[in-house]
Amino acid sequence: MFLPESMSRIVIAGTKANIDKATEVLYDTEAVHLVDHTVNADEGYSIGSPREYSSKASERLLKVRSLIKELGISLKTEVKDMTVDDIKARLDSGDVESTEKTVVTAIDKRNDLKQKIDELNSLKNELELLQLLPVDLELYSGYETITSLVGTVGTDPTEALKGIDAEIFLAKIKKSDSVVAIFVKNEDRDSVSYALSGLNFKEIPVSSDAVGKPSEALAEAEAKLAETEALLEKSEAEIEGLKEKYTSFLLAAEEDLSITVEKGEIPLRIANSEYSFVVDAWVPTKNVDEVREKLTEKSDGKMYVEFLETRGRRIADSEEVESRFREPPTKLDNGPYSKEFEYALKLVNVPKYREIDPSILLGIFLPLFFGFMVGDVGYAIPFIILGAYGLNARSKEWRAIGRVLFFGGIWAFLFGLLFYGECLGMHFTGHYSETSITWEHLFGMEEGALGAFSSILYTAVHDGETHVGIGKLVEVPMLLKLSVYIGVVHLFIAFCCKFFNEYIANGFKSAFLEKGGWLFAFVGMVAFCYALAFSLFAGGDIGTTLTEEYMTPLIVGVVFLVIGLVLTIRSDGIMSVMELPGMVGNILSYTRLAAIGMSKAGMAMAFNYISFSMIFMGLGGGIIGGIVGFIVFLVCHLLIFFLAILSAGLHSLRLQFVELMSKFFEGGGKEYAPLKVVREKTFSQNAVKNNPETEV
Amino acid sequence: MVEISTGEGLIAIGAGIAVGLTGLGSGLAEKDIGAAAIGAITEDTSLFGMGMIYMVLPETIVIFGLVIAVIAIMV
């Protein structure tokens, strides 16, 4: 539970003639983690080449993927109406190729139409300008001695063309822009062009075939445009239809072909000689016999399986072997509860084979801290409901978040009910004042009416006044102290894990000498700070407050600190002294547990004060005041609720990542990834009968 | 209006300064780390966890400020 599963190394050998069968069997076992063969690792063996069927499959996969992209199909679309046999039959009959043909034709047609529409649009724009001029289209061309220049200009060209024999037709478009048609002698063309170039002239091409009035041509172009647009719409609808028709086929084909390609490339990952292949693999120790039996049985005795070793956790166990076998893959071994916290763990890193898997610690402390910080029945219930929805969510992110919210919500409920005695920032029972509203008061009950109920609540005395439930803004020193104690326990666990990791890797003696110092130093630091802090805060001269009561922890603390220091300096060098103040920092970091509870209580108090003053007395105390007050109450508490997810959730996570895990967690392990077929879009009616040889 | 002595007022100001300045300090530190972390995460989303750890490291400073403020007021 605390360590990843024990792994064993096996070697599997067979003849090359059976490689396809062997691949199938390896995938069926779903327990074989392949160790990639490296060039020149073993004499006489080299990396193989992909199977013949795999190149055809890759080619098809490429086609299928481009079709999926062209049709805009999301890979996340859920389809589940293709059986494996079905899809294989369709692949064999060349459905990919025919689908490609249909889809590409439709898409080409659409693209042509789109281009045509673009052309018609620009023609329409030009004609719209030309129709402002009193010149028919055929009059722009067909002369021997004169040339026409048509276009738009930024300023009136009459002035600029003074002295050149030209006929100018001009029509204003807006402000200074105008459309202009200039007829000049052929020999003047260059000088006119030059003069126009300074006037922001943009030519409008007029086709020599065009005849008639521009307005008539415009009407014709518009009609054509509408017709083409209708065609485009039809074509889009056709493509949409194709998308609908082929989505499940394409997605299923994509999945099946990916699997085929992956299987076809297995020879690239294993050692091949001329006639045989050898597979190095890791399997979980508890499955070794089962795997061996399955492999021999399913391959009809044509594969030879040999057990090599079960890897121990000590570093010495891994030192002798080849580097590619040095680090076994990590298969986390968690129950259904802590399994969901692996996601949070993997945000940091995958644990190494030989180190403690902190998922279970995350599973305990993440919701606990969350609940402690929220600590309010009113927010806990929505958290529990929200979390319950997330518990069985599809994506593992939501499952992980849902779990924290659900169990965090339960803790928050327990803390809120029994420890803080609070709901929506208001105590159930106790002394009423404007800034500390109680539910008793809200429901018009007498003070102490919930007395019987309050007997199960935590009771505290502060300033000579009895409080039922902890006031987050009243009992601040007590909450701070409590947070620090929680921190001490949490950090102590962290240092124990650090010690244990070293114990696993190098044995007790080394653990004591190398990491034991930190444990001693931590305990010493805690005792030392405890004594100092309490005698300092007692007020007065340190000489008088440092009574016998605090003397013992002080002496114990100093002794432990000295032992710890000697050990750590011996193992980690003189610089480790610098890290001791960091321990105090780490412990104080846990005061955020109280601080975030305080901040939420502070906000809730202010919002309650505002909204209840509105409900009871604000705005004349009428109905409107009541309604507005109630809305303010709801909105403000919703705000606190969402802030709670952010602050309590993130800070709880931070305490695990930074304070707890950074003490002992190294990470950097390889995740155990056995060969197996994962089918999401296709399903098999009976056992998957996928023999790649029949596929192509 | 609640009457408070000059001493109490000074304590309150001191507590405010403790929280305010430490908050500023962590803000300044987190600004750069946050920008770098977001940059790294856009390149490779698996760096989220590490990014978050580095991002929240300076937050402890403001917690120290808060502790000092609480001690100043309450003790």
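What you are looking at is a predicted structure, and each value in this text was computed from that prediction instead of being measured. (Residues numbered from 1 in each chain as written. Chains lettered and ligands numbered in written order. Predicted model: local features only at pLDDT ≥ 70, side-chain atom pairs only at ≥ 80, totals over all residues. Heavy atoms only, no water.)

1. What about the overall build of chain B?
Okay, so step 1: Looking only at helices and strands, chain B features 3 helices and 0 strands.
Okay, so step 2: Shown N-terminal to C-terminal, the secondary structure of chain B runs as helices and strands in the order α-α-α.
Okay, so step 3: Over its C-alpha trace chain B gives a radius of gyration of 18 Å, far above what one expects of a compact globule, namely 11 Å for 75 residues.
Okay, so step 4: Principal-axis analysis of the C-alpha atoms places the extent of chain B at approximately 55 × 20 × 20 Å.
Okay, so step 5: Nonlocal contacts in chain B, meaning residues at least 24 apart in sequence, comprise 77% of its contacts between residues at least 6 apart.
Okay, so step 6: By element, 75% of the accessible surface of chain B is carried by carbon and sulfur atoms, the whole surface being about 4,600 Å². (Helix = DSSP H or I, 4+ residues; strand = E, 2+ residues; numbered from the N terminus. Rg over C-alpha atoms; globule rule 2.2 N^0.38 Å. Contact = heavy atoms within 4.5 Å. Areas by Shrake-Rupley, 256 points an atom, 1.4 Å probe, with all protein chains shown as cover.)

2. Details of the confidence of the model for chain B
Okay, so step 1: Residues of chain B with pLDDT of at least 70 account for 97%, and the chain-wide mean is 87.
Okay, so step 2: If you check the scores for this complex, the pTM reads 0.79 and the ipTM reads 0.82. (pLDDT = per-residue confidence, 0-100.)

3. Details of the pairing of strand S1 (residues 7-15) of chain A
Residues and elements named next belong to chain A.
Okay, so step 1: Along S1, 7 of the 9 residues are buried, which leaves the element largely enclosed by surrounding structure.
Okay, so step 2: Two strands pair when backbone bridges link them, and S1 and strand S10 (residues 276-284) are joined in this way by 9 bridges, in the antiparallel orientation. Paired with Arg-9 across the two strands is Trp-282, which belongs to S10.
Okay, so step 3: As judged from the 7 bridges shared by S1 and strand S11 (residues 303-310), these two strands associate in the antiparallel manner. Among the inter-strand pairings, Gly-14 is bridged to a residue of S11, identified as Met-303. (Buried < 20%, exposed > 50% of the residue type's maximum accessible area, 1.4 Å probe, protein only. Pairing = 2+ DSSP bridges.)

4. With respect to the domain arrangement of chain A
Okay, so step 1: Taken domain by domain, chain A comprises domain 1 (19-100 + 236-313 + 674-696), domain 2 (132-212) and domain 3 (338-476 + 591-663).
Okay, so step 2: Computed over C-alpha atoms, the centres of domain 1 of chain A and domain 2 of chain A are 69 Å apart. (Domains from an automatic or database assignment.)

5. Side note on the nonpolar core
Residue and element names in this part refer to chain A.
Okay, so step 1: Judged by nonpolar contacts, the single largest core of 80 residues is most densely connected at Phe-657, Met-661 and Phe-664.
Okay, so step 2: At 13 residues, helix H23 (residues 623-664) tops the list of elements feeding residues into this core.
Okay, so step 3: In contact with Phe-664, not counting residues within four places along its chain, are Glu-355, Ile-356, Pro-358, Leu-361, Ala-494, Cys-497, Lys-498 and Asn-501.
Okay, so step 4: Within the second largest apolar cluster, 29 residues are counted, among which are Ala-22, Leu-34, Val-291 and Leu-675. (Core = buried A, V, L, I, M, F, W, Y, C linked by side-chain atoms within 4.5 Å.)

6. Remarks on the interface of chain A and chain B
Okay, so step 1: Contacts between chain A and chain B engage 18 residues on the former and 18 residues on the latter.
Okay, so step 2: In total, about 1,600 Å² of surface goes out of reach between chain A and chain B, with carbon and sulfur atoms giving 81% of it.
Okay, so step 3: Together, Leu-347, Phe-537 and Arg-654 of chain A form the three largest contributors to the area buried by chain A at its contact with chain B, with a combined 29%.
Okay, so step 4: Put simply, chain A and chain B have 1 salt bridge between them.
Okay, so step 5: The residue Glu-59 of chain B makes a salt bridge to Arg-592 of chain A at a minimum N-O spacing of 3.4 Å. (Buried area = accessible area lost by both parts, 1.4 Å probe. Salt bridge = Lys/Arg side-chain N within 4 Å of Asp/Glu carboxyl O.)

7. So, the packing of helix H12 (residues 377-391) of chain A against helix H13 (residues 396-420) of chain A
All names here are of chain A.
Okay, so step 1: At a closest axis distance of 7 Å, the pairing of H12 and H13 adopts a crossing angle of 155 degrees. With respect to each other, H12 and H13 are oriented roughly antiparallel. When you trace H12 past H13, the crossing you get is left-handed. Across the interface between the two elements, Val-377, Ala-380, Ile-381, Phe-383, Ile-384, Leu-386, Gly-387, Ala-388, Gly-390 and Leu-391 from H12 touch Trp-398, Arg-399, Gly-402, Arg-403, Leu-405, Phe-406, Gly-409, Ile-410, Ala-412, Phe-413, Gly-416 and Leu-417 from H13.
Okay, so step 2: Residue classes in the contact of H12 with H13 are distributed as 15 nonpolar, 5 polar and 2 charged. (Axes fitted to C-alpha atoms, helices over the stretch in contact; angles between N-to-C directions. Parallel < 35°, antiparallel > 145°, perpendicular 65-115°, else oblique. Left-handed = near helix turned anticlockwise from the far one by under 90°. Nonpolar A, V, L, I, M, F, W, Y, C, P; charged D, E, K, R; others polar.)

8. A word on the sheet that holds strand S5 (residues 146-153) of chain A
Residue and element names in this part refer to chain A.
Okay, so step 1: One open sheet accounts for 4 strands, arranged S6-S7-S5-S8; its pairing is antiparallel. Edge positions in the open sheet fall to strand S6 (166-174) and strand S8 (202-203), since each of these has one partner strand only.
Okay, so step 2: Lying on the sheet, helix H5 (residues 189-197) is in contact with S5 and strand S7 (177-185); it crosses S5 at an angle near 5 degrees.

9. What about helix H21 (residues 580-589) of chain A?
Okay, so step 1: Looking only at H21 of chain A, the buried set comprises Leu-580, Met-583, Gly-585, Asn-586, Ile-587 and Ser-589 of chain A.
Okay, so step 2: Against helix H16 (476-506), helix H18 (516-537), helix H20 (548-572), helix H22 (592-616) and H23 of chain A together with helix H3 (59-74) of chain B lie the buried residues of H21 of chain A.

10. Quick word on the packing of helix H2 (residues 52-70) of chain A against helix H6 (residues 214-264) of chain A
All names here are of chain A.
Okay, so step 1: Relative to each other, H2 and H6 sit at 150 degrees, their axes nearing to 9 Å. Here H6 runs roughly antiparallel to H2, going by the angle between their axes. Classified by chirality, the crossing of H6 by H2 is left-handed. Residue-level contacts link Tyr-53, Ser-54, Ala-57, Ser-58, Arg-60, Leu-61, Val-64, Arg-65, Leu-67 and Ile-68 of H2 to Leu-250, Leu-251, Ala-253, Glu-254, Leu-257, Ser-258, Thr-260, Val-261, Lys-263 and Gly-264 of H6.
Okay, so step 2: Of the residues that constitute the contact of H2 with H6, the class distribution is 11 nonpolar, 5 polar and 4 charged.

11. Quick notes on helix H3 (residues 84-92) of chain A
An α-helical turn contains 3.6 residues, so any two residues separated by three or four positions project in the same direction.
All names here are of chain A.
Okay, so step 1: Val-84, Ile-87, Lys-88 and Leu-91 are the residues of H3 that are buried. Axial view of H3: buried residues confined to an arc of 100 degrees, hence all on one face.
Okay, so step 2: Residues of H3 that are buried make contact with H2, strand S4 (82-83), helix H4 (95-130), H6 and strand S16 (682-683).
Okay, so step 3: Directly after H3, the chain includes Gly-94, whose backbone phi takes a positive value near 80 degrees. (Arc of directions from axis to C-beta.)

12. Some details on the side chain of Arg-324 of chain A
All names here are of chain A.
Okay, so step 1: Tracing the backbone shows Arg-324 in the loop between helix H8 (315-319) and helix H9 (336-339).
Okay, so step 2: Reaching out from Arg-324, the side chain makes a polar contact with the backbone oxygen of Asp-36 at a distance of 3.5 Å.
Okay, so step 3: A polar contact is formed between the side chain of Arg-324 and the side chain of Glu-322, at a distance of 3.0 Å.
Okay, so step 4: For Arg-324, the contacting residues outside a window of four places in its chain are Val-35, Asp-36, His-37, Thr-38, Ala-41, Asp-42 and Asp-280. (Polar contact = N/O pair within 3.5 Å; in protein donor to acceptor, adjacent residues only side chain to side chain.)

13. Quick word on the packing of aromatic side chains
Given two aromatic rings, one states the distance between the centres and the angle between the planes to describe the pair.
All names here are of chain A.
Okay, so step 1: Tallying each qualifying case throughout the model produces 26 aromatic pairs over all chains.
Okay, so step 2: Pairing Phe-512 with Phe-520 gives two aromatic rings, centres 6.0 Å apart and planes at 90 degrees, and the pair type is edge-to-face.
Okay, so step 3: You can call Phe-512 partly exposed: its relative accessible area is 33%.
Okay, so step 4: Here Phe-520 falls in the partly exposed class, since its relative accessible area comes to 21%.
Okay, so step 5: Between Phe-630 and Phe-633, the aromatic rings sit 6.4 Å apart at their centres with planes inclined by 20 degrees, giving stacked as the arrangement. Of this pair, Phe-630 and Phe-633 both sit in helix H23, 3 residues apart, roughly one helical turn.
Okay, so step 6: Residue classification places Phe-633 among the buried positions, given a relative accessible area of 10%.
Okay, so step 7: Among the aromatic residues, those joined into a cluster by ring pairs are Phe-499, Phe-500, Tyr-503, Phe-508, Phe-512, Phe-520 and Phe-560.
Okay, so step 8: Lying over the aromatic face of Phe-325, Arg-9 brings its terminal NZ or CZ to 4.0 Å of the ring centre. (Phe/Tyr/Trp six-rings, centres within 6.5 Å; stacked < 30°, edge-to-face > 60°. Lys NZ or Arg CZ within 6 Å of the ring centre and 35° of its normal.)

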